[in-house]
Amino acid sequence: MHKILALWAVPRSTSTAFEWMMRMRADMTCFHEPFGEAWYQGENPLWPRVRPDSVRTPGLTIESVWEKLKAAARAGPVFSKDFPHYIDHMYTGEFLGHFTHSFLVRDPAKTITSMFTHWPDFHLKETGFIEQRRLFDRLSDKFGETPPVLDSDDLLEDPGRMVKAWCDAVGIPFIREALRWEPGERDEVSWWDGGSFHENLRNSDGLKPQPRTHMDISKAPDRVREIYEIVLPHYEHLSAHRLTVPAAKPAQRVKLP
């Protein structure tokens, strides 16, 4: 059985764009938040805001997802993008040993304000930072070294070199062509609410360099600032271990004779 290449992210962290790049490689079976679909709308949903009239998918459970992932890994290489808070009750050595682990983090000022736009009543657990840090520390203790960490700001500022650094860290070849794609529907990642969270991805045509931005959290709603203060230390803990690349050298002008 192949080890499952996992990217453990937090919501609103450019993770689905990264996943789409992995789909463009066409050398792995890719899964979009498979445990999340069961966590939110399986037969026994675990999300803290669940209501009696919430969507249910018959036959979908955390256990059925895990069996599907293992079956795919027996057949060939697998990539899965998911959020650790969906499976924080499964952090056993046996379970974690089936994966090659990596992480994607993002400044919580950006993720939480985006979540608040979609879900003003979001729960702290849905932000994922605390559970992401717990998993990171669990893996670091278990294996004696820290798993690879990408920071979304670094990824967006220099996608080519940051993706290559990640590929080198997890042991797969870098495929530059996978950073480009055509705009269009993204049905593969749209199990939640018809894909309302992925409008930017539908309109995008690749991972392209973007200027690094700063968000002033002091102007955010009270609830956003309250959650930000809680999760910021967990983000900073992981970001301190993030992959880095040397600054790109400016092109030198050739002096003609």
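Relevant structure appears above.
K.L.:
How do you make sense of the sheet that holds strand β4 (residues 99-105) when you look at a structure like this?
P.N.:
The strands making up a sheet associate through hydrogen bonds between their backbones, and the pairing can be parallel or antiparallel. Spatial strand order, β2-β3-β1-β4-β5: five strands in an open sheet with parallel pairing. The sheet is open, and its two borders are formed by β2 (29-32) and β5 (149-151), each paired with just one other strand. For this sheet the average axis-to-axis angle between neighbouring strands, irrespective of direction, equals 20 degrees. Bridge count for β2 against strand β3 (residues 78-82) is four bridges, and the pairing is parallel. Note on β3: the bridge partner recorded for C30 is F79. Lying on the sheet, helix α2 (residues 34-41) is in contact with β2 and β3; it crosses β3 at an angle near 40 degrees.

K.L.:
Explanation requested: the packing of α2 against helix α3 (residues 62-75) in the structure shown.
P.N.:
To describe two helices that pack against each other, one gives the angle between their axes and the distance between the axes. Two elements in contact, α2 and α3, have axes separated by 9 Å at closest approach and are oriented at 165 degrees. When the axes of α2 and α3 are compared, the pair comes out roughly antiparallel. For the crossing formed where α2 meets α3, the hand is right-handed. Between α2 and α3, the residues in contact are P34, F35, A38 and W39 and I62, V65, W66 and L69, respectively. Taken together, the residues of the contact of α2 with α3 sort by class into eight nonpolar, no polar and no charged.

K.L.:
Can you walk me through the environment of E182 in this structure?
P.N.:
On the secondary structure map, E182 appears in the loop between α9 (159-170) and α10 (199-203). Residue E182 is classed as exposed on the basis of its relative accessible area, which comes to 64%. Each C-alpha atom, one on E182 and one on G206, is 7.6 Å from the other, the two residues being 24 residues apart in sequence.

K.L.:
What am I meant to see in the packing of helix α1 (residues 15-25) against α9 here?
P.N.:
At a minimum axis distance of 13 Å, the contact between α1 and α9 shows a crossing angle of 70 degrees. Comparing the axis directions of α1 and α9 gives the class roughly perpendicular. As α1 packs across α9, the resulting crossing turns out to be right-handed. Contacts between α1 and α9 involve F18, M21, M22 and R25 on the former and, on the latter, V163, W166 and C167. When grouped by side-chain class, the residues that make up the contact of α1 with α9 number six nonpolar, no polar and one charged.

K.L.:
I would appreciate a short explanation of the side chain of Q132 in the present structure.
P.N.:
By the element assignment, Q132 lies in helix α7 (residues 129-143). With near-sequence residues (within four places) excluded, Q132 lies in contact with W8, A9, V10, P84, F103, L104, V105 and L238.

Rules used throughout
Residues numbered from 1 in each chain as written. Predicted model: local features only at pLDDT ≥ 70, side-chain atom pairs only at ≥ 80, totals over all residues. Heavy atoms only, no water. Pairing = 2+ DSSP bridges. Helix = DSSP H or I, 4+ residues; strand = E, 2+ residues; numbered from the N terminus. Axes fitted to C-alpha atoms, helices over the stretch in contact; angles between N-to-C directions. Contact = heavy atoms within 4.5 Å. Parallel < 35°, antiparallel > 145°, perpendicular 65-115°, else oblique. Left-handed = near helix turned anticlockwise from the far one by under 90°. Nonpolar A, V, L, I, M, F, W, Y, C, P; charged D, E, K, R; others polar. Buried < 20%, exposed > 50% of the residue type's maximum accessible area, 1.4 Å probe, protein only.

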